[in-house]
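Each chain, letter by letter, is given below.
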Amino acid sequence: MDNESTFEEIFIQHGVTLKKASASYMSALNTIGVLYFCKYHKGNVHFFEWKVTEMCEIMDTDSQDSDWSLVHTLTVSSDKTSDENPNAENDSQKNSKITIRVLFRDLRGIEFSKNELRLYNQDLTVHSLYLFNHGSPHSFVDFLERKRFVRRSTRRKHFYHCLEEADNDKLQKSFSELNIEDIRNRPRTTNNYMGLLSRLANVHQILPLSKQPGETRTRISPPQEDGATSNGTDEVNGSKSDESNEAECNKLAPRPDVHRGESLDAKKWAEFRASNGSITDADRVKDIIFRGGITDEIRAEVWKYLLDLDIWDHTTAQREERRMTKTEEYFLMKLQWQTMTDIQERNFTGYRERKCQIEKDVKRTDRTYDFFAGDNNPNLAKLQEILMTYVMYNFDLGYVQGMSDLLAPILCLVQNQADSFWCFVGFMDKVFNNFDIDQKGMKQQLEHLRTLLAFVNEKLYKYLTDNQSENMYFCFRWLLVWFKREFSNSDIMHLWEVLWTGLPCPNFHLFICVAILDQEMDIFINGQFTFTEILKHVNELSGNLNVTAVLEQAESIYLQVKKTLDSSKEPHLELRKIIGEKVSPDGTGSTGSDEDDDSCMSIVNDKSSEDQEMMQRKIDEACDMSLSFAFF
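Analysis parameters
- Residues numbered from 1 in each chain as written.
- Predicted model: local features only at pLDDT ≥ 70, side-chain atom pairs only at ≥ 80, totals over all residues.
- Heavy atoms only, no water.
- Helix = DSSP H or I, 4+ residues; strand = E, 2+ residues; numbered from the N terminus.
- Expected span 1.5 Å × (residues − 1).
- Contact = heavy atoms within 4.5 Å.
- Polar contact = N/O pair within 3.5 Å; in protein donor to acceptor, adjacent residues only side chain to side chain.
- pLDDT = per-residue confidence, 0-100.
- Salt bridge = Lys/Arg side-chain N within 4 Å of Asp/Glu carboxyl O.
- Buried < 20%, exposed > 50% of the residue type's maximum accessible area, 1.4 Å probe, protein only.
- Phe/Tyr/Trp six-rings, centres within 6.5 Å; stacked < 30°, edge-to-face > 60°.
- Lys NZ or Arg CZ within 6 Å of the ring centre and 35° of its normal.
- Pairing = 2+ DSSP bridges.
- Core = buried A, V, L, I, M, F, W, Y, C linked by side-chain atoms within 4.5 Å.

**Thoughts on helix H23 (residues 547-567)**
Over its 21 residues, H23 runs 30 Å from end to end, which matches the ideal 30 Å to within 8%, given 1.5 Å per residue. Buried residues belonging to H23 abut helix H9 (282-292), helix H17 (440-456), helix H20 (489-500), helix H21 (508-526) and helix H24 (573-578). One side-chain oxygen of the residue at the start of H23 lies 3.0 Å from the amide nitrogen of Thr548, identifying that residue as Asn546.

**A word on the confidence of the model for the protein**
Mean pLDDT over the protein stands at 74; residues scoring 70 or higher make up 65%. Contacts for the low-pLDDT stretch residues 56-96, under 50 throughout, to residues beyond four places or in other chains number 86 contacts. Counted against residues more than four places away or in other chains, residues 166-250, with its pLDDT under 50, gives 114 contacts.

**Side note on the pattern of salt bridges**
Per the stated rule, a full pass over the model turns up 23 salt bridges. The salt bridge involving Glu555 is made with Arg291; its shortest N-O contact spans 2.2 Å. Placement of Glu555 in helix H23 and of Arg291 in helix H9 is noted, with a sequence separation of 264 residues between them. Note on Arg291: relative accessible area 31%, which makes it partly exposed. A salt bridge links Lys484 to Asp405, with the shortest nitrogen-to-oxygen separation between them at 3.9 Å. Separated by 79 residues along the polypeptide, Lys484 in the loop between helix H19 (476-480) and H20 and Asp405 in helix H15 (residues 403-414) bring together distant segments of the chain. The class of Asp405 is buried, set by a relative accessible area of 4%. What emerges from the salt-bridge pattern is a single network uniting Asp366, Asp405, Lys484 and Arg485.

**Some words on helix H13 (residues 349-362)**
Helix length check: H13 (14 residues) gives 20 Å between terminal C-alpha atoms against 20 Å at 1.5 Å per residue, within 8%. The buried count for H13 comes to 10 of 14 residues, which makes it a mostly enclosed element. When we look at burial in H13, the residues that qualify are Tyr351, Arg352, Glu353, Arg354, Cys356, Gln357, Ile358, Lys360, Asp361 and Val362.

**Some points on the packing of aromatic side chains**
Two numbers describe a pair of aromatic rings. These are the distance of the centres and the angle of the planes. Here the structure, examined in full by the defined rule, presents 32 aromatic pairs. Summarising the aromatic geometry, the rings of Phe37 and Phe149 are spaced 4.9 Å apart at their centres and angled 80 degrees between planes, so their arrangement reads as edge-to-face. Residue Phe37 is found in strand S2 (residues 31-40), and its partner Phe149 is found in the loop between helix H4 (137-146) and strand S9 (150-152); the two are separated by 112 residues along the sequence. Here Phe37 and Phe149 have matching classes, each one buried. With a centroid separation of 6.1 Å and 35 degrees between ring planes, the pair formed by Trp496 and Trp500 is classed as tilted. On the criterion of helical spacing, the pair formed by Trp496 and Trp500 is a turn pair, its members being four residues apart in helix H20. A residue is classified by how much of its surface remains accessible, and Trp496, at 0% relative accessible area, is buried. Using a relative accessible area of 4% as the deciding quantity, one classes Trp500 as buried. Geometry around Trp422 places Lys326 over its ring, the cationic atom sitting 4.1 Å from the centre. In this arrangement the basic side chain of Arg354 is found over the ring face of Phe395, its NZ or CZ atom lying 4.2 Å from the centre.

**Quick look at the pairing of strand S6 (residues 107-113)**
Two faces make up the sheet, and in a regular strand the side chains alternate between them. Buried residues dominate S6, accounting for five of its seven residues. Direction of pairing for S6 relative to strand S7 (residues 116-121): antiparallel, over a ladder of six bridges. Bridge pairing in S7 links Ile110 to Leu119. In sequence, S6 turns back onto S7 through a hairpin of two residues, with Lys114 there showing a positive phi of about 55 degrees.

**Quick word on the environment of Asp436**
Note that Asp436 resides in the loop between helix H16 (417-431) and H17. Spatially, the C-alpha atoms of Asp436 and Val400 are 9.4 Å apart, while their sequence positions differ by 36 residues. Of note is the side chain of Asp436, whose polar atom sits 3.5 Å from the backbone nitrogen of Gly441.

**Focus on the nonpolar core**
Ranked by internal contacts, the top residues of the largest apolar core, which has 118 residues, are Phe474, Phe508, Phe511 and Ile512. Counting residues per element, this core draws most heavily on H21, which supplies 12 residues. Discounting chain neighbours no more than four positions away, the residues touching Phe508 are Phe290, Leu499, Leu503, Leu551, Ala554, Glu555 and Tyr558. Counting 22 residues, the second largest nonpolar core, distinct from the first, contains Leu35, Phe37, Leu107 and Cys162.

**Examining the side chain of Ser420**
Looking at the element boundaries, Ser420 is found in helix H16. Classification of Ser420 as buried rests on a relative accessible area of 0%. Once residues within four sequence positions are removed from consideration, Ser420 is found in contact with Ile386, Leu407, Ile410, Leu411, Val414 and Gln415.

**Notes on the side chain of Asn434**
Here Asn434 is to be found in the loop between H16 and H17. Accessibility expressed as a relative area gives 7% for Asn434, which makes it buried. At a separation of 2.7 Å, a polar atom in the side chain of Asn434 contacts the side chain of Gln445. Here Leu480 takes part through its backbone oxygen, which lies 3.1 Å from a polar atom of the side chain of Asn434. Apart from the residues lying within four places of it in its own chain, the contact partners of Asn434 are Met442, Gln445, Leu479, Leu480 and Trp482.

**Re the pairing of strand S8 (residues 126-132)**
Burial analysis of S8 places five of its seven residues in the buried class, the great majority of the element. Bridge analysis of S7 against S8 gives five bridges, and the strand direction is antiparallel. Bridging from a neighbouring strand, Tyr120 pairs with Val126 of S8.

Printed below as a string of structure tokens:
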């Protein structure tokens, strides 16, 4: 294979049917394939490529490391002719699969409408037209626009001009490069706009500033009163800021020593069971589990309570009746997809795509564990059947990569298929927002994590900020599947049952993140790690973390934050929300109003529709980057 003949696949869009092309390719009409946007390394040339591909082949990949990734590397062999010209195809390619390839520089523009995408030649004639059976052409075009390959037309709706390729070889501007300084320096006009500007005083926690060579990074200051000017010197923006930050840091209460307690065992568990079978003190049970977890002998039984299959105050008779009803409901939903005809499946694209994705993920989920080892392991069939049934239970969400990771330990422990399904449903109810299609839940958690880290460890947060790493994308995988890839199977069971108690606050998983980062701080700073090096190191922590030490430090940090907030005269509204306190704008009473929300999404909502769209594209780009980096 010629090493120079490689194509970097920048974006892949599944399920695209060719509807119109040149005469030599008319035989490809109404054939399903894949539309790629690629780069030919030798000539530094970008091009679109469409290939005939089976749907399940589209959804499949052999690499475990490419989970949830939008960026892959595609290597293909080619002869000397194609090495000189990316438009050429070798004979084997022609004989095996129909391929259409068009150089990006030869195109004048692209246009989409509903589920169609058109590529235009330089003379504005249509080169080819594609019908998207899976996904949306808008997502495809939006990706190209965010990567600065195309620019939206000001005269023709949904038409985009193709741009020069000179600078597109590099990763384009990220969310961290949004120029907040320009926004801050706009003239003050209305009261509403003044309110937005005042909130931007703390926006550095959410939208980091770009750093120029030789420039000292400074924090955004609140707008000056009329007639006042800002010094702008390093002394004002540097030394004084550092002094105030240090003073604020010194206000933190000391971290108390925390030690784990004893596990909930069969003897203690029996003490909480009344004569009628109900559990007498659920809060006390949860407290014991939070302190020490659950022993193996009763873990499967107690998990059913923590995950809402069983109800704490139900009697034995009520519990058995509920399980019977739930079991019947499970098999009814299972029967629905098992009895689907081939015609129904062919006419149900969303179902077919999810089925292919589940089949792919099941083949590689936890295969190193004995419970799932082997090619014909019946437990793999159970895993697949439960996930398929969840598609019928919650078709709005269906199946998203990562969900198989959450189910595997549950099935490994509970084993009963119906009970495992309902425990999985209970788990998904707790982490549902992790799988939002717009990733709003993940964005919010990353914002909260930044806020929390900046409060408890200013030194580390400042280092991350100085190295353009405060976006916290390296924590994305931790949050998505609740540290499933970071701990062994036995340790993740222990960690999950602690988190399922909801103690000491609903966002305790964020304190777990901070505790791990806190432990690794010296390695980051002494090693002068860049973002890429931080990401690599974080991924290498998998299997090397001590769950007991992490839990102790996380609880210690929580107690430190809680005591600091209790004694502070400052409102710290965002932090109080993170630890589950209900606060009003003045720091007392119940939940604060949207008017005082200083989160990133509130700033987006205060902007004009055009600015909101631009900001949302920046946020989407940030999430794209985290997805693409997090699993290599």
